[in-house]
Amino acid sequence: REGICRHLLIVKISVLLNLCCPFSANGNDSKKFKGDIRSPGVPSRVIHVRKLPNDINEAEVISLGLPFGKVTNLLMLKGKNQAFLEMNTEESAQTMVSYYSSVTPVIRNHPVFMQYSNHKELKTDNSPNQVRAQAALQAVNAVQTGNMSLSGVDGGSGAQSPVLRVIVENLFYPVTLDVLHQIFSKFGTVLKIITFTKNNQFQALVQYSDAVTAQHARLSLDGQNIYNACCTLRISFSKLTSLNVKYNNDKSRDYTRPDLPTGDSQPSLDPQTVAASAFTAPGIISAAPYAGAHGFPPTFAIQQAAGLSLPGVPAGALASLGVPGAAAAAAAAAAAGRLGLSSMSAGGNSVLLVSNLNPEAHHTCFLYFEGVYGDVMRVKILFNKKENALVQMADGTQAQLAMSHLNGQKLHGQTLRITLSKHTTVQLPREGHEDQGLTKDYSSSTLHRFKKPGSKNYSNIYSPSSTLHLSNIPPSVGEEDLKELFQSSGATVKGFKFFQKDHKMALIQMGSVEEAIESLIEFHNHDLGENHHLRVSFSKSTI
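Keep in mind that this is a model prediction, so the values were computed, not measured.

What counts as what
- Residues numbered from 1 in each chain as written.
- Predicted model: local features only at pLDDT ≥ 70, side-chain atom pairs only at ≥ 80, totals over all residues.
- Heavy atoms only, no water.
- Helix = DSSP H or I, 4+ residues; strand = E, 2+ residues; numbered from the N terminus.
- Buried < 20%, exposed > 50% of the residue type's maximum accessible area, 1.4 Å probe, protein only.
- Areas by Shrake-Rupley, 256 points an atom, 1.4 Å probe, with all protein chains shown as cover.
- Contact = heavy atoms within 4.5 Å.
- Core = buried A, V, L, I, M, F, W, Y, C linked by side-chain atoms within 4.5 Å.
- Polar contact = N/O pair within 3.5 Å; in protein donor to acceptor, adjacent residues only side chain to side chain.
- Pairing = 2+ DSSP bridges.
- Axes fitted to C-alpha atoms, helices over the stretch in contact; angles between N-to-C directions.
- Salt bridge = Lys/Arg side-chain N within 4 Å of Asp/Glu carboxyl O.

### Looking at the overall build of the protein
Within the protein one finds 12 helices and 25 strands. Expressed as a percentage of the 543 residues in the protein, the buried residues total 55%. Accessible area of the protein: about 22,500 Å², with a carbon and sulfur share of 48%.

The following block contains the structure:
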């Protein structure tokens, strides 16, 4: 399947073109420009597109620009496998070039490239090729202004609606509501999202303010992979024209109503965060910070994310859509930050160098602490520098997650420094050679949180905070028991709250983030009796 499914628009335009211009065009067209000759690095409304496939049609070239604004002119040079696309504003052209510089678009399995033209305005002649190009532009304008219905070529997906139905196939990594919001916000303001599972498939309903915006998103995103080679988006129009959202939580969100309750079993959401994200200026996710995971990070970015078909995009990185921030890291894994990308795949370096450790740190610190963000396979304390350790995660995506969330955090009074190691694996001591217990192998540990592909734990990855999420609490253990347990290490407990409808889970607020980190290391997997071992993770909620 093609990297970008633009079928609705392309089919309609192609039908129109074949009816009104039933000739083929090849050869070099003359082109006329008016305007200043400028350096290709200087922004211009005119974009030069190169290395187009031989069988490219006008509709496919035009569709490259549609998510970014109105395409006002087109010059096809089929004999040279090139085209010039003129956008209605320089700003939309800049957004387009910036976006595609981080994610190479692919048409008919051919990567295509673009840059600013050295002319600021495009003037075309009346050659046969240009008659066809102008007809394509007119067809696009008719669709965008609502004068042409696409339902007749919609393949059974229903008439256009502001609500899109999204099915995620090949769900190797979980996909969260926040990840969907980041992706779909590139094309306009997302008003509401509802996620659910039906027929054993993860699905979502995404509502925009109008059908044209929804159409642009559908044409650009249908068939794209969120992560490299998995989590494929299948998008159609919903029969619904509006969504009724009752709760703002991890399953549903009304960005226009930050005051909605969260529902008893869901962690609370900050109304200001909901409101802010609702009205973030629409635009392509900037490519910059994500280095790999769902690939999701905090202040880093994925540089190759939104490629319409992206060879080489990180498994954790939004393979065809750009996403930034630690959320992105969790978003490869399954969380979300603010939009940016950088490139690294699950097959990337999975070994971290952790430095500035306190001597109190021990191997199980890493198993529990970094284990929140991925499965720790091996840990080696360096012989001559015991304040340094090598930590091998299950894959590069998990290593990125751990690094992005934990670098700069304090543990036992020391600020951790975490970077990718030059080593690609942590070697175990050879048989008969002891290393004084400096190397530990946890590859068979029962404490791994992410062994199962698509584990829901990816959806609950958050940066360290003073509030911890507790689960697997037996009925016989009450609030005072748990508060006493966490205070036994000398930490301060500032708040506690059981989940109203599920007393197997609770939130506990510690005196500081550092205390929460040390408490997680101390009490994760703590035996509470009745064959219940406490599970501890960071929460994004507060009490």
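Moving on, there is more to tell.
### What to know about the environment of Met 510
Along the chain, Met 510 falls in strand S24 (residues 502-510). Judged by relative accessible area, Met 510 falls into the buried class, the value being 1%. With 14 residues separating them along the chain, Met 510 and Phe 496 place their C-alpha atoms 9.1 Å apart. Beyond its immediate chain neighbours, meaning those up to four positions away, Met 510 contacts Ser 466, Leu 468, Phe 486, Ala 491, Thr 492, Val 493, Lys 494, Glu 515, Ala 516 and Ser 519.

### Describing the nonpolar core
In this structure, Val 175, Phe 184, Tyr 208, Leu 468, Leu 470, Phe 486 and Leu 534 are the most contacted members of the largest nonpolar core, which totals 81 residues. For Val 175, the contacting residues outside a window of four places in its chain are Val 168, Leu 180, Phe 202, Ile 226, Tyr 227 and Cys 231.

### As for unusual backbone geometry
In the Ramachandran plot, Lys 51 falls in the positive-phi region, its phi being about 60° despite a non-glycine side chain. As for its position among the elements, Lys 51 is in the loop between strand S2 (46-50) and helix H2 (58-65). Given the relative accessible area of 52%, Lys 51 is considered exposed. A positive phi is found at Asn 531, a non-glycine position, where the angle reads about 60°. Mapped onto the fold, Asn 531 is located in the loop between helix H12 (513-523) and strand S25 (535-538).

### Overview of helix H10 (residues 396-406)
Within H10, 11 of the 11 residues are buried, which leaves it mostly tucked inside the rest of the structure. Between the side-chain oxygen at the start of H10 and the backbone nitrogen of Gln 398 there is a gap of 2.8 Å, and the oxygen is on Asp 395. Where H10 ends, the next residue or the one after it, Gly 408, has phi of about 90°, a positive value.

### Describing the sheet that holds strand S17 (residues 389-393)
Ordered in space as S20-S15-S17-S16-S21, the 5 strands form an open sheet in which the pairing is antiparallel. Strands at the two margins of the open sheet, each flanked by one partner only, are strand S20 (417-420) and strand S21 (439-441). With direction set aside, neighbouring strand axes in the sheet form an average angle of 20°. Pairing analysis gives 5 bridges linking strand S16 (residues 376-381) to S17, with the strands arranged antiparallel. In the sheet register, Lys 380 faces S17, and the bridge partner there is Leu 390.

### So, the pattern of salt bridges
Tallied over the full model, the rule gives 9 salt bridges. Between Asp 250 and Lys 540 there is a salt bridge whose closest N-O contact spans 3.1 Å. Where Asp 441 meets Arg 378, a salt bridge forms, and the shortest distance between an N and an O atom there is 3.9 Å. Residue Asp 441 is found in strand S21, and its partner Arg 378 is found in strand S16; the two are separated by 63 residues along the sequence. A residue is classified by how much of its surface remains accessible, and Asp 441, at 38% relative accessible area, is partly exposed. For Arg 378, a relative accessible area of 21% gives the class partly exposed. Through salt bridges that share partners, Glu 479, Glu 480 and Lys 483 make up one connected network.

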